[in-house]
Amino acid sequence: MEDINQDNFLRPRFLAEFQGQEALKANLEVFIEAAKRRKEALDHLFISGPPGLGKTTLAGIVASELGVNFVLTSAPALEKPKDLAGLLTSLQEGSLFFIDEIHRLRPAIEEMLYIAMEDFEMDLIVGQGVGARSVRVPLPRFTLVGATTKPGSVSAPLHTRFGITIRINPYTQLELQDIIDRSARLLNIAIDPAAASLLAQSSRGTPRVANRLLKRVRDFAQVHHEATINLPISELALSRLQVDHLGLEDQDRTILRTLIEVYKGGPVGLQTLAIAVGESAESLEDFYEPYLVQQGLIMRTRQGRLATDLAYQHLNIPRPNAPRDLFE
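Residues numbered from 1 in each chain as written. Predicted model: local features only at pLDDT ≥ 70, side-chain atom pairs only at ≥ 80, totals over all residues. Heavy atoms only, no water.

The name given to the chain in an unreviewed UniProt entry is Holliday junction branch migration complex subunit RuvB, with the source organism recorded as Entomospira culicis. Looking at the Sequence similarities (unreviewed entry) heading of the UniProt record, one finds this comment for the chain: "Belongs to the RuvB family." Recorded under Catalytic activity (unreviewed entry), the UniProt text for the chain is reproduced unchanged: "ATP + H2O = ADP + phosphate + H(+)". (UniProt positions renumbered as here; feature names shortened; annotations may be inferred.)

So this is what it looks like as structure tokens:
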């Protein structure tokens, strides 16, 4: 319970407190101010980006800036049309309605949402059997915010109904360092610039990871009676947590080591590699692989996954001659 409360406590509530993503924030400020001046609900907002970058946080900030009610749910929780109907009919005028992982909406619910987004109305079936009839119920004007880690999986009819589309990109090291400094102040613990820089470097470009590492390093500092999070205690904590300077954890390195030592650097198929490291293919592809690819440690070829020169260097393993026909 403590971590949940702290996560909410660390989340910024207004755009001025939201670190990084400057171009995105500048555009949002314009859209929000224009909606407020017209006294209208903000246009529907589509937010995409990898996990942990602040999609839910940003939606909450938009609600705070507009001064409206914030209602949130996730697509898997909406199992039947009546689940969506109950939420829509409870909205207040101007409310911000947030659906996380919107690409996982069931088709029947998605089709119901089309009318609600465009006409601010909803079709309800009254009665049963031959006496059943459709009744169109008016809804208050609201803003739907759809968030997803897989924008390519969102259907075109749904995607085109959003008037504002933004993507949150991984954060730079300096942006993450600012986030860590802010979180440390809120947690009432001092942190040296060198320690903050190391944590930022190890945070995989993700604020959620940065805050998680900060709290764990804080634990080590307090147990070792350090009033300030310094570089030595940060290095000790990250070593104990098995997080290296690229942000790779033990399973990340296991994937690279298996690819290099068992399959001689690849190429190897996704299913085969997943079985070898004890992960599901979905977890490997969606959770581990994106960051390894972004860091240039793995390449995806037509023949399978391939370890790059950087992967050999990172694990300090000599690099044999690579096959020449992989990309032909």
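Read on, since the account is not over.
Quick look at the overall build of the chain now. Per the secondary structure count, the chain includes 14 helices and 11 strands. Projected onto its principal axes, the C-alpha coordinates of the chain cover approximately 75 × 55 × 35 Å. Taken over 328 residues, the chain has a buried fraction of 45%. Within the chain, contacts between residues separated by at least 24 positions form 68% of all contacts whose residues are at least 6 apart in sequence. Element-wise, carbon and sulfur atoms account for 50% of the exposed surface of the chain, whose accessible area totals about 16900 Å². Taken together, the 35 basic and 41 acidic charged side chains of the chain have centroids lying 2 Å from each other. (Helix = DSSP H or I, 4+ residues; strand = E, 2+ residues; numbered from the N terminus. Buried < 20%, exposed > 50% of the residue type's maximum accessible area, 1.4 Å probe, protein only. Contact = heavy atoms within 4.5 Å. Areas by Shrake-Rupley, 256 points an atom, 1.4 Å probe, with all protein chains shown as cover. Lys, Arg positive; Asp, Glu negative; His and termini not counted. Charge placed at Lys NZ, Arg CZ, Asp CG, Glu CD.)

Bringing the UniProt feature "binding site: Mg(2+)" (unreviewed entry) in the chain into the picture now. The sites that UniProt annotates as "binding site: Mg(2+)" (unreviewed entry) are Thr56. Mapping threonine 56 onto the fold places it in helix H3 (residues 55-66). Contact partners of threonine 56, with chain neighbours within four places excluded, come to Arg11, Phe70, Leu72, Phe98 and Asp100.

UniProt tags Leu10, Arg11, Gly52, Lys55, Thr56, Thr57, Glu118, Asp119, Phe120, Arg161, Tyr171 and Arg208 as "binding site: ATP" (unreviewed entry). The largest pairwise C-alpha distance within this set of annotated residues, which runs over 199 residues, is 37.1 Å, so the set is dispersed in three dimensions. Residue threonine 57 is classed as buried on the basis of its relative accessible area, which comes to 13%. Sequence-distant contacts of threonine 57, defined by excluding residues within four places in its chain, comprise Arg11, Pro12 and Phe18. By the element assignment, arginine 208 lies in helix H9 (residues 207-223). The class of arginine 208 is exposed, set by a relative accessible area of 55%. Leaving out residues up to four positions away in the same chain, arginine 208 has contacts with Pro51 and Gly52.

It is worth spelling out the nonpolar core at this point. By size, the foremost hydrophobic cluster in this structure holds 49 residues, and its most contacted members are Leu58, Ile191 and Ile229. Apart from residues no more than four positions distant in its own chain, isoleucine 229 is found in contact with Ile189, Ala190, Ile191, Asp192, Ala195, Leu214, Val217, Arg218, Ala221 and Ser234. (Core = buried A, V, L, I, M, F, W, Y, C linked by side-chain atoms within 4.5 Å.)

Orientation of helix H11 (residues 250-262) relative to helix H13 (residues 281-294), taken along the N-to-C sense of each, is 80 degrees, at an axis distance of 11 Å. Relative to H13, the element H11 lies roughly perpendicular. Mapping the contact onto sequence places Gln251, Asp252, Ile255 and Leu256 in H11 and Leu284, Tyr288 and Leu292 in H13. A class-by-class count of the residues in the contact of H11 with H13 yields 5 nonpolar, 1 polar and 1 charged. (Axes fitted to C-alpha atoms, helices over the stretch in contact; angles between N-to-C directions. Parallel < 35°, antiparallel > 145°, perpendicular 65-115°, else oblique. Nonpolar A, V, L, I, M, F, W, Y, C, P; charged D, E, K, R; others polar.)

In an α-helix, one full turn covers 3.6 residues, which means residues spaced three or four apart are oriented alike. Over its 14 residues, helix H7 (residues 173-186) runs 20 Å from end to end, which matches the ideal 20 Å to within 8%, given 1.5 Å per residue. Along H7, the residues classified as buried are Leu176, Gln177, Ile179, Ile180, Arg182, Ser183 and Ala184. Asparagine 188 lies just past H7 and shows a positive phi near 60 degrees. (Expected span 1.5 Å × (residues − 1).)

Glancing now at unusual backbone geometry. For residues besides glycine, phi is generally negative; the peptide bonds are generally trans as well. The phi dihedral of glutamate 101 falls on the positive side, at around 50 degrees, and the residue is not glycine. Inspection of the secondary structure puts glutamate 101 in the loop between strand E3 (96-100) and helix H5 (107-119). Phi is positive for asparagine 316, close to 60 degrees, though the residue is something other than glycine. Here asparagine 316 shows up in the segment after helix H14 (309-315).

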